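# Chain and residue survey
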Amino acid sequence: TYCAASPLQHGIAVAFEQEDGTFEGIPERIHQNYKQLSSACTQAGLTPYRADGGHFLCVGVENLANSNSQGITEMEVVRRLIERAGVAVLPLSMFACDPANWGNEPAIRIAICKEEETILEAARRLKAVDLS
């Protein structure tokens, strides 16, 4: 999770009061990162979920993994992306109280709060990876 100690929260509040509203272009960068990685995931045969904000892109991997032991598991998709593409992601089920009984479609989470160069390289790798 993301959190800050109480004194830091007060400092952040002061910084927000002094901010001119552009936040040094970070919202635009994150939106561009979202678009780049969404496109790359689609090209890799995955299903990016539409988001209107945030620091993570959630991506459905149901075409590769499912809960009926047909295909590969959500965790295997994670392993393959790390081993074959060098792209680190997390299984979305790990954020559930009981991942074994997650019940939702298999999905992964990719951080999009990265520098442009990192995102472009991840997108290049995703487009080239064979997940089968």
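Structure: see above.
Cut-offs used in this document
- Residues numbered from 1 in each chain as written.
- Predicted model: local features only at pLDDT ≥ 70, side-chain atom pairs only at ≥ 80, totals over all residues.
- Heavy atoms only, no water.
- Helix = DSSP H or I, 4+ residues; strand = E, 2+ residues; numbered from the N terminus.
- Buried < 20%, exposed > 50% of the residue type's maximum accessible area, 1.4 Å probe, protein only.
- 1 Å grid on protein atoms, 1.4 Å probe; cavity = no way out; pocket = protein on both sides within 12 Å on 5 of 7 lines; lining within 4 Å.
- Points joined across faces, edges and corners; volume = space filled by probe spheres on them.
- Nonpolar A, V, L, I, M, F, W, Y, C, P; charged D, E, K, R; others polar.

Our focus in this paragraph is the overall build of the protein. Across its full length, the protein holds four helices and four strands. In sequence order, the secondary structure elements of the protein are arranged as α-α-β-β-α-β-β-α. By principal-axis analysis of the C-alpha atoms, the protein measures approximately 55 × 35 × 25 Å. Burial analysis of the protein (132 residues in total) assigns 30% to the buried set.

Roughly 180 Å³ of internal volume is contained in the second largest pocket. Taken together, L37, G86, V87, A88, I110, A111, K114, T118, I119, E121, A122 and R125 make up the lining of the second largest pocket. Counting residues per element, the ones that place at least two in the lining of the second largest pocket are β4 (107–111) and α4 (116–128). The element contributing the most residues to the lining of the second largest pocket is α4, with five residues. Looking at the lining of the second largest pocket residue by residue, the class counts come to seven nonpolar, two polar and three charged.

So, about the environment of T118. On the secondary structure map, T118 appears in helix α4. Note on T118: relative accessible area 45%, which makes it partly exposed. The sequence separation of T118 and N33 amounts to 85 residues, and the corresponding C-alpha distance is 9.4 Å.

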